[in-house]
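For reference, the chains in residue letters:
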Amino acid sequence: MLTREDDVDACALHRQGWTISAIARHLGHDRKTIRAYVTSGRIAGTRARAAGDSFAPFVDYATARLVEDPHLWASTLFDELLGLGFTGSYPTLTRQIRGRRLRPACEPCSPAKGRPVAVIEHPPGAETQWDWLELPDPPAAWGWGSQAHLLVGALSHSGRWRGRLCEAETFPHLVDGLDTISRALGGLTRSWRFDRMATVVSPNTGRVTAAFAGVAKHYGVQVALCPPRRGNRKGVVEKANHVAAQRWWRTLSDDVTVEAAQASLARWCATRGDLRMRPGGADGKMTVATVAEREPLAPVSAPYPAELVVERTVSAQALVAYAGNFYSVAPELAATRVGVRVRLGEVHLNITDPAGRVVLARHRLAPPGAGAMVRTDEHVHALNTAALAGSSPAVPHRPKVRIPPGAAARAAADVLTGRHDRACDAVVVDLAAYAAAAAGRNTLT
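Okay, so let's go over this structure. Being a predicted model, the structure only gives us computed values, none of them experimental. (Residues numbered from 1 in each chain as written. Predicted model: local features only at pLDDT ≥ 70, side-chain atom pairs only at ≥ 80, totals over all residues. Heavy atoms only, no water.)

The description of two packed helices rests on the angle between their axes and on the distance between the axes. Relative to each other, helix H7 (residues 171-185) and helix H8 (residues 210-219) sit at 15 degrees, their axes nearing to 12 Å. As judged from the angle between their axes, H7 and H8 are roughly parallel. Once H7 is placed against H8, the crossing between them reads as right-handed. Contact with H7, carried on its side by Phe-171, Leu-174, Val-175, Leu-178 and Asp-179, involves Ala-211, Phe-212, Val-215 and Tyr-219 of H8 and no other residues of that element. Along the lines of polarity and charge, the residues of the contact of H7 with H8 split into 8 nonpolar, no polar and 1 charged. (Axes fitted to C-alpha atoms, helices over the stretch in contact; angles between N-to-C directions. Helix = DSSP H or I, 4+ residues; strand = E, 2+ residues; numbered from the N terminus. Parallel < 35°, antiparallel > 145°, perpendicular 65-115°, else oblique. Left-handed = near helix turned anticlockwise from the far one by under 90°. Contact = heavy atoms within 4.5 Å. Nonpolar A, V, L, I, M, F, W, Y, C, P; charged D, E, K, R; others polar.)

As a further point, take unusual backbone geometry. Of note in this structure, Ala-318 is not a glycine but carries a positive phi near 60 degrees. Considering the arrangement of structural elements, one finds Ala-318 in the loop between strand E8 (307-313) and strand E9 (319-322). Assessed through its relative accessible area of 2%, Ala-318 is described here as buried. Here the phi dihedral of Ala-323 falls at roughly 55 degrees; this positive angle occurs in a residue that is not glycine. Its place among the elements puts Ala-323 in the loop between E9 and strand E10 (325-328). For Ala-323, a relative accessible area of 26% corresponds to the partly exposed category. (Buried < 20%, exposed > 50% of the residue type's maximum accessible area, 1.4 Å probe, protein only.)

Scanning the model with the defined rule gives 12 aromatic pairs in all. Where Trp-161 meets Trp-268, the ring centres are 6.0 Å apart and the plane angle is 45 degrees; that geometry is what we call tilted. One end of the pair, Trp-161, is in strand E3 (residues 161-166); the other, Trp-268, is in helix H10 (residues 258-271), and 107 residues separate them in sequence. Assigned by exposure class, Trp-161 and Trp-268 land together as buried. One aromatic cluster is present, built from ring pairs that chain together Phe-55, Phe-58, Phe-78, Phe-86 and Tyr-90. (Phe/Tyr/Trp six-rings, centres within 6.5 Å; stacked < 30°, edge-to-face > 60°.)

Across 4 bridges, E9 lies against E10 in antiparallel orientation. Note on E10: the bridge partner recorded for Leu-319 is Ser-328. The hairpin turn running from E9 into E10, its antiparallel successor, is 2 residues long, and Ala-323 in that turn takes a positive phi close to 55 degrees. (Pairing = 2+ DSSP bridges.)

With respect to the helices and strands, the residue Asn-325 is situated in strand E10. Side-chain polar atoms of Asn-325 contact the backbone nitrogen of Ala-370, separated by 3.5 Å. At a separation of 2.9 Å, a polar atom in the side chain of Asn-325 contacts the main-chain amide nitrogen of Ala-372. (Polar contact = N/O pair within 3.5 Å; in protein donor to acceptor, adjacent residues only side chain to side chain.)

The next thing to look at is the sheet that holds E9. Taken together, 3 strands build an open sheet; the order of strands is E9-E10-E14 and the sheet is mixed. This sheet does not close on itself; its edge strands, each paired only once, are E9 and strand E14 (373-374). Pairing of E10 with E14 involves 2 bridges; the strand directions are parallel. Directly across from Phe-326, in E14, lies its bridge partner Met-373.

Here the focus is the environment of Trp-144. One can find Trp-144 in the loop between strand E1 (127-136) and strand E2 (147-155). You can call Trp-144 buried: its relative accessible area is 15%. Distance from Trp-144 to Ala-168, taken between C-alpha atoms, is 8.5 Å for residues 24 residues apart in sequence. In this structure Trp-144 touches Pro-138, Leu-165, Cys-166, Glu-167 and Val-258, once residues within four positions along its chain are discounted.

With that settled, consider the sheet that holds strand E5 (residues 222-225). Strand order in the open sheet made by the 5 strands is E3-E2-E1-E4-E5, with mixed pairing throughout. In this open sheet, the two edge strands, each paired with only one partner strand, are E3 and E5. For this sheet, the mean angle separating the axes of adjacent strands, direction not counted, is 25 degrees. Note: strand E4 (residues 191-194) against E5, 4 bridges, orientation parallel.

Let us look at the nonpolar core. Leu-174, Leu-178, Trp-192, Phe-194 and Phe-212 are the most contacted members of the largest nonpolar core, which has 25 residues in total. At the level of secondary structure, the elements contributing two or more residues to this core comprise E1, E2, H7, E4 and H8. Sorting elements by how many residues they give to this core places H7 first, with 5 residues. When neighbours within four sequence positions are excluded, Leu-178 is seen to be in contact with Trp-130, Leu-151, Trp-192, Phe-194 and Phe-212. By size, the runner-up hydrophobic cluster in this structure holds 23 residues, among which are Val-237, Leu-252, Ala-261 and Cys-269. (Core = buried A, V, L, I, M, F, W, Y, C linked by side-chain atoms within 4.5 Å.)

Below is the structure:
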């Protein structure tokens, strides 16, 4: 087989009048090889097949099977072809599938990247997009485990977004986040768009759950659901998730509290996120904050009365931590697990047993993150009494003092060493014998 360089030289020399033998001697190849390239039109760099195409009879079957099942394993197809008389190897089959492009692309499984993307119109005040963002490795002091959960809401028209840190993705946490973020965004749009989250959409039916239907009716919004596996439909909030993870969460310090982290997120959104530029205005540009202020948003009504429930461990001071504040319970509950129940919109919280059957304490809510210690007089008195009862007025023992074994210890040691038994075996004089001897005597000598 000639290289492309030798093929070019052979053709050029042949046009100059060289004979096949002269060209063969000059290039160091056989005359039949030179003749095949010069006169027969053989293509350099390709080797002629020694035999015919052995896979050609099986092309139709392989094509039909891969059209029926684009995810069919090549090894499974190889097993089927062996039963039909295919004598090639497995690498031959995979090479034929790739070379002939027999496997079609599966549209439902194709990634969104690289597809044509339609431009979706977002009229002012029409839609708010919502999504959960799982944030890894929260500070250990939060006690949230391996993940923190951030509910993100974004106005589709202006791109303004806010977030709410939550311990879990339960229904009460979702309602609390929806209410808080809607107020931070400035009001309610006409519809809320969600993906297929289980607290909004039933996994079995694909329809809005009865519980969330009550929330939507309370706030007076429509519920729009994204089609399955169509993340681009809520691209505004998806981009907000990406920004929140990379520009805020990635640089959050380990010693920050939940309330401080929430405040830092709100501060970043107001000073960074809302200052992004958008087309519009007299000079062709407006900030996100300016566009958002012009959106016709409805006022937010009273919070939906969902009950937020979290579990806490009572401290040694008989205090329960919640939202950056501390609330008292009876001192005998120290080191036990209790439940904190807060109904959204109310000004009190209840501390109950984990099952929620018994109310152990009721306090007025302090502002989140205030660091307040809310205690009742009864709890203060009971804690002081228990602390005094558990203390002793005795002087503590010094580490270097001589304390020899006492009488009880020596008696126990005698039992162990057998001294007690030998003492018991000693002769005991009976006083009756002395009395008898004295009775028989009548003189003093």
